[in-house]
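Listed below, chain by chain, are the residues.
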Amino acid sequence: MKQKIQLPSGQNVLNLGQGTWRLGEDPSKRQQEIEALCAGIDRGLTLIDTAEMYGDGDSEELVGEAIAPYNREELFLVSKVYPQNAGNPDMFEACEQTLNRLGVDSLDLYLLHWRGRVPLQETIDCFEELKRQGKIKHWGVSNFDLEDMQELLALKGGENCQTNQVLYHLASRGIEVVLTNYLKEKGIPIMAYCPVIGQEPDLKDLVYSNQTVKEIAEAHNISIIQLLLAFVMQQDNIIAIPKASSEKHVQLNADVLDIVLSEEDMLRLDAAFPVPDQRVPLSVQ
Ligand SMILES: NC(=O)c1ccc[n+]([C@@H]2O[C@H](COP(=O)([O-])OP(=O)(O)OC[C@H]3O[C@@H](n4cnc5c(N)ncnc54)[C@H](OP(=O)(O)O)[C@@H]3O)[C@@H](O)[C@H]2O)c1
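Residues numbered from 1 in each chain as written. Predicted model: local features only at pLDDT ≥ 70, side-chain atom pairs only at ≥ 80, totals over all residues. Heavy atoms only, no water.

## Remarks on the packing of aromatic side chains
Alright, step 1. A full pass over the atoms with the stated rule returns five aromatic pairs.
Alright, step 2. Judged by centre distance (6.2 Å) and plane angle (90°), the rings of tyrosine 82 and tryptophan 114 are edge-to-face. With tyrosine 82 in the loop between strand 5 (76-81) and helix 3 (90-102) and tryptophan 114 in the loop between strand 6 (107-112) and helix 4 (120-132), this residue pair connects regions lying 32 residues apart in the sequence.
Alright, step 3. Residue class for tryptophan 114 comes out partly exposed when judged on its relative accessible area of 33%.
Alright, step 4. Summarising the aromatic geometry, the rings of phenylalanine 127 and tryptophan 139 are spaced 5.0 Å apart at their centres and angled 5° between planes, so their arrangement reads as stacked. With a gap of twelve residues between them, phenylalanine 127 in helix 4 and tryptophan 139 in strand 7 (residues 136-142) connect regions that are remote in the sequence. Taken as a pair, phenylalanine 127 and tryptophan 139 share a single burial class, namely buried.
Alright, step 5. Three or more aromatic residues joined by ring pairs form one cluster here, namely Tyr110, Phe127 and Trp139. (Phe/Tyr/Trp six-rings, centres within 6.5 Å; stacked < 30°, edge-to-face > 60°. Helix = DSSP H or I, 4+ residues; strand = E, 2+ residues; numbered from the N terminus. Buried < 20%, exposed > 50% of the residue type's maximum accessible area, 1.4 Å probe, protein only.)

The structure is reproduced here in structure tokens:
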């Protein structure tokens, strides 16, 4: 289901973007991956999520090559800094390298990839300085659980956080116990990574063999992957960033913008894959 998600900055973004983990690692797939990213942009999937970690910069370079023909203003580029680089002076160098690899002057969103040893206040101060320098428009975090978010938002400048990127899919709904509502109350959207269970083969098998999932996918004439994506995209305040390395997969994912699951579908999925009864540790990849 197509939805516009409003960031705290006031900017609206589509609830479907493109992930890039593992893109750019295999030279023999380079052209196909670039074509996949471009096909996504052409379908309106202009939010692209990458990180300095992915292939040690290879993903950012591949994204840079894919976006080169496009008008920079049409794109919403997200990258992430390693926790060990998220302080003074390393973050400035890391950001510069990311910008060079992407071939752009600024990022739309720069995320702390996960929490490390650098004090959060120092990281926020560096983000804010990068904003002043025009190197990034906004910043956010990733893999932050409730207490991390509470701590962040209590710090000076913490209220400028634009998103928390966390693992979320039909078979991993722990964030719905408290984190989802907390972020919604604070007006901070979630970016859902691994929305089609890309990294957990056992969970994927579980979902694939589930009768309810099969029936709902069949009823909508869509694949199970598309149903998984539709489930995430139906939620409020969430942007899904599946990674697809072929044009075919990108097109199938973009088609999900037109899929609306019924209330009954959602209730059946809820029953098949319920939210845990109590808090569980944040799932991470
Ligand atoms: N912040 C973090 O710590 C963190 C952690 C993990 C991921 N991420 C971000 O989130 C993005 C998504 O997560 P992910 O890549 O781990 O997992 P994912 O998007 O859930 O799954 C990716 C897998 O799904 C396949 N796929 C995608 N669309 C498909 C379709 N329509 N039909 C069939 N297969 C399809 C892809 O295959 P093909 O490649 O063959 O198309 C790939 O194997 C990452 O790329 C990255 O940008 C962030």
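Additional details are given in the paragraphs that follow.
## Quick look at a negative patch on the surface
Alright, step 1. Together, Glu25, Asp56, Asp58 and Glu61 make up a negatively charged patch on the protein surface.
Alright, step 2. Secondary-structure assignment places aspartate 56 in the loop between strand 4 (47-49) and helix 2 (58-67). (Patch = residues over 30% accessible without salt bridge, like charges linked within 9 Å, V, L, I, M, F, W, Y side chains within 5 Å. Areas by Shrake-Rupley, 256 points an atom, 1.4 Å probe, with all protein chains shown as cover. Salt bridge = Lys/Arg side-chain N within 4 Å of Asp/Glu carboxyl O. Lys, Arg positive; Asp, Glu negative; His and termini not counted. Charge placed at Lys NZ, Arg CZ, Asp CG, Glu CD.)

Purely spatial values, then, with no claim about function.
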